[in-house]
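# Close look at the chain arrangement
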Amino acid sequence: MKYLRAFAVIQPVPVIMSRTYRSLFKALLLVVLATGCSQEKDAFLNRTFHKLTARDNGWFNANEKLNEVVAGIENAHLDDYDHVLPLFVYGTPEQARSAVPDLEKCIEKCSLVIERHSMDIGGEEKNAWIDDAYFVIAKSNFYKQNYYEAERGFNYIARRFKGGDRQHESQVWMARTAIQKEQYAKAQSALDKLRDEKALPKGFNHAELSAVQADLDLRRGRLDDAIMNLEHAVSIVKRKRERVRWAFVLAQLYERKGLEEKAIKQYAAVVKMAPPYEMAFHAQVFQALAYSKGNSKLLRQKLNRMLKDEKHVDHYDMIHYALAELDLKERNKESAIAHLETSARVSTSDVKQKAKTWLRLADLYFDDRTYPSAQKYYDSTRTLMSELHPRFPEVETRAEVLGELVEQLDIIALEDSLQALAGLDEKELEKVLRAKIRERELEEAEKERLEADARERELNAPTSRPATPAPGSPGGRGNWYFYDPAQIARGTTEFRKRWGTRKNEDDWRRKDKSGQALATSMEKEGAESLADALEQKEKGSEPWRDPEFYMKDIPRDDIALEASNSRICNALYVCGMIYKEQLKDTDNAIESFENLNSRFDECRYTPESFYQLYRIYKEKEEVENYYSLEGKGSEFYAGVILERYPDSEFARLVRNPDALMADEARRQVEAAAYKEVYDRYRERMYTSVIMSCTRVMEDEPDNHLLPKYHMLRAMATGGLRDGAGFRSALEEITRLFAGTDEAKAAQDLLNGLDNTSSQAPPKSTSTAHYRAEQGKHYFALIVPNAGNDMSVIKSKLSDMNASYFRQPGMEFSNTFLDPEHQIVLASFFTSKAKAMEFYDLFVNNRDVLAGVNDMGFAAFAISPDNYTQMYRNKDVEGYTAFFSKNYLERQ
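Let me sum up the structure you'll find in this document. (Residues numbered from 1 in each chain as written. Predicted model: local features only at pLDDT ≥ 70, side-chain atom pairs only at ≥ 80, totals over all residues. Heavy atoms only, no water.)

We now examine the sheet that holds strand β3 (residues 777-784). Taken in spatial order, the four strands of this open sheet run β4-β5-β3-β6, and their pairing is antiparallel. Each having just a single partner strand, β4 (811-818) and β6 (858-862) make up the two edges of the open sheet. Here the average twist between neighbouring strands, direction ignored, is 25°. Pairing between β3 and strand β5 (residues 821-829): seven bridges, direction antiparallel. Note on β5: the bridge partner recorded for Val 783 is Gln 822. Packing of helix α35 (residues 790-805) onto the sheet brings it into contact with β3, β4 and β5, and relative to β4 it is tilted by some 145°. Lying on the sheet, helix α36 (residues 832-844) is in contact with β3, β4, β5 and β6; it crosses β3 at an angle near 35°. (Pairing = 2+ DSSP bridges. Helix = DSSP H or I, 4+ residues; strand = E, 2+ residues; numbered from the N terminus. Axes fitted to C-alpha atoms, helices over the stretch in contact; angles between N-to-C directions. Contact = heavy atoms within 4.5 Å.)

Here the focus is the pattern of salt bridges. The full count for this structure, using the stated rule, is 48 salt bridges. The partner of Lys 356 in a salt bridge is Asp 82, with the nearest N and O atoms 3.3 Å apart. Of this pair, Lys 356 sits in helix α17 (residues 351-367) while Asp 82 sits in the loop between α3 (44-76) and α4 (93-117), placing them 274 residues apart in sequence. Ionic pairing is found between Arg 398 and Asp 363, a salt bridge with its closest N-O pair at 3.8 Å. In this pair, Arg 398 sits in helix α19 (residues 392-422) while Asp 363 sits in helix α17, placing the two residues 35 residues apart along the sequence. Accessibility expressed as a relative area gives 12% for Asp 363, which makes it buried. Salt bridges sharing partners connect three or more residues here, namely Asp 80, Asp 82, Lys 352 and Lys 356. (Salt bridge = Lys/Arg side-chain N within 4 Å of Asp/Glu carboxyl O. Buried < 20%, exposed > 50% of the residue type's maximum accessible area, 1.4 Å probe, protein only.)

The tally for this structure, following the rule as stated, stands at 45 aromatic pairs. Centre to centre, the rings of Tyr 365 and Tyr 377 are 5.9 Å apart; their planes meet at 10°, and the pair counts as stacked. Placement of Tyr 365 in helix α17 and of Tyr 377 in helix α18 (residues 371-384) is noted, with a sequence separation of twelve residues between them. Between Tyr 611 and Tyr 614, the ring centres sit 5.9 Å apart and the planes meet at 35°, which makes this aromatic pair tilted. In this pair, Tyr 611 and Tyr 614 both sit in helix α27 (residues 606-623), three residues apart, roughly one turn of the helix. Take Tyr 611 and Tyr 614: they sit in the same class, and that class is buried. Put simply, the rings of Phe 88, Tyr 90, Phe 135, Phe 142, Tyr 143, Tyr 147, Phe 154, Trp 173 and Trp 246 touch in pairs and so form one group of aromatic residues. Of note, Arg 176 hangs over the ring of Phe 88, and the distance from its end group to the ring centre comes to 4.1 Å. Positioned above the aromatic ring of Tyr 605 is the side chain of Arg 604, whose terminal nitrogen or guanidinium carbon lies 4.4 Å from the ring centre. (Phe/Tyr/Trp six-rings, centres within 6.5 Å; stacked < 30°, edge-to-face > 60°. Lys NZ or Arg CZ within 6 Å of the ring centre and 35° of its normal.)

Time to look at the state of the cysteines. Note on terminology: a disulfide is the covalent bond linking the sulfur atoms of two cysteines. Summed over the entire model, instances satisfying the criterion amount to one disulfide. Covalent S-S linkage joins Cys 569 and Cys 603, the inter-sulfur distance amounting to 2.1 Å. Sign of the S-S torsion, about 60° for the bond between Cys 569 and Cys 603, identifies this disulfide as right-handed. Of the two residues, Cys 569 is situated in helix α25 (residues 558-582) and Cys 603 in the loop between α26 (586-599) and α27; the sequence distance between them amounts to 34 residues. Residues Cys 569 and Cys 603 agree in their burial class; the two are buried. The cysteine Cys 106 is free of any disulfide, with Cys 110 supplying the nearest cysteine sulfur at 7.0 Å. Taking the relative accessible area as the measure of exposure, Cys 106 reaches 0% and is therefore buried. Looking at Cys 110, the relative accessible area reads 0%, which means it is buried. (Disulfide = S-S within 2.5 Å.)

With that out of the way, let us pick up the pairing of β6. For β6, the tally of buried residues reaches four of five residues, placing the bulk of the element in the interior. Two strands pair when backbone bridges link them, and β3 and β6 are joined in this way by five bridges, in the antiparallel orientation. Opposite Tyr 778, over in β6, you have Ile 862 as the bridge partner.

Residue Phe 828 follows Ser 827 across a cis peptide bond; omega there is -15°. For Phe 828, the location among the structural elements is in strand β5.

Shown next, in the form of structure tokens:
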């Protein structure tokens, strides 16, 4: 019992001791943690704690997020195989803006890591993960396309953490950043510094170094160096994605260098690397496009096998294009044209390829001088070709020039056929017209069949699902899908690839907008007339089915025949001038002018035609040492001109060929003088301009720029706000220079004045109730409701303020002045001077405000009290007069 009692007494002691140890352990742990949290003590415990926390709590999550963003940018990228692919994909400005929220999170996390876990002791960083945190910050700035901050970050890492894991990698990214900034010398210096290192770390990415050097060489146009560096990069790169892309680019460079055999082998090597479908397909097709000599049998077999594979159905057009290129290289033009026509016919979705096909056909026909066919394909090409394409200006010019030529050729063909019909008796004429009508019926039936087939294909075409953001794509969070800039940019790219550059309008997909025209007709003429028109068409009573439709234009008498011949004479001369001046096709020019002279003894353009033949042959004799065996050289045509038109201007030029050069010199002097006056007009020196224009009109009646001087004087008169004088000057131009571009422009301005006066706000000429004030002001713009988007106008004014005026806190609002007009108000300015400064910027801006300040809208600076008076009385004209007198005239 004694022992038991003793035990009972001492039993609680171990429990008390256990609690004491636990408390001591906790206290000790807190002391250890507190000691380890110190960033200023270089101890194993401190280093371990900060390394683990920096890596696992901050850097890891930031680095994963950065990799996610980069993967999203790369996955969203669409390659343009018409150009050498980029070696590195950095994203578009839209993608960069979309990725900013995620990249800012990366920067924030790593900044917190540096702040809480950096151990800078004695000038040496003891935490090995700090340079990684700085690297993520710099790289995030790079993908934000904030290259200045990225360069600062990479440069800091390379200098501060010498010998660290990220030093050399940062130098590579410094070069990448400099390349993006187009600072190629700085990029080369960074790469050279790396190559001068005696020994690079074991894990250093030598493939990336060579690829960046190749990228720099490409930017600088050093193709041979780029090939050499890229060959090295492809041979040692480990990541499959990079190896496939770089190998494809290497094949493209071989092709552009003219190393066709190497290019074909390299494309074949790319196919064996199992690349994505698009790249694999293009690698196979490009093998055929790279072919230049040898046996094309194997390439043709491969392309024909691809035509039998339905997975390539959307690329059949490209395959036929490649077959056409093989034909052209083997000088089989007929087969090439057939393949190109098939390519255009089977095209489904790739509008860029269709444009390439049409352009190739256009060029072939143009080289063969088959101008009508060439015009058709150039005209089709420009509807699909991007305006940024290097050949777009050339294609547009050829389409327009050849359009003018084909129009004249059609006139000649039409008049010839009508004259031929005039020579037939009634029975023969009726027989020919019936055959013509039957031919038209067959054409209409074929057209309807093709349209029905097209509609059926469109209805049966599989609809593609909307593109979803790639996992981790930038901007995928925090933005509604349809407002996400990255998705908008991707959608825009895919739309242009499928449909080309299209005007934003209703019925944009329809070549024939007759439905729209019918709707307009319905509004104007009522439903009954539309129904009657449709009923007439259903009954087959279109005008072209009636022989009388063709007979009305047949020249039946001498007057009609003379008019027809006059049209032929004019068309032949215009054709000859187009051939000579715009197409530089002297052979067809000679044929056209000689045809004119042989068909007509004398017509409106006979003298000019002989003179043009004289000039063509004279140039051929001087440049090509040409000699005509038939004796029809420049001397022959000079004799004709001197004999038949001895007193003409052409005879003067034949007798004195130097006179033409003197005339040209005089024209250049006149052009220089006009430019000087025009420059003064742009400086708003209106009174001086009017005096100079008046002097030229009085003293130089033969000045070849006389219509322009009249127009310049009219515009200067308008600049002085002389409305009556402006209108009178414009009317004089339309009377004196009818048919010129200046007369057309003057008539357009007169029409605009008439429209403006009919739509003007309520008028008042009283200015007595307005007061001249110096303090707070608004800027006001009076805009008609019809045809104007107020939000667009306010946006443009805001853009001008941001770009040129830079007044913070500026607000732009709009309110109705009356049922036809609104006031767009910029508020507010602290003084009259500031408001007038903004007014001057508004009047003189030529870029941001296009379509706003050139529309003739009333604009003025106005004080709050005056604004109240003007708005209450709807007195725009009255205040405008007050503004002109008290603001403009006193400046």
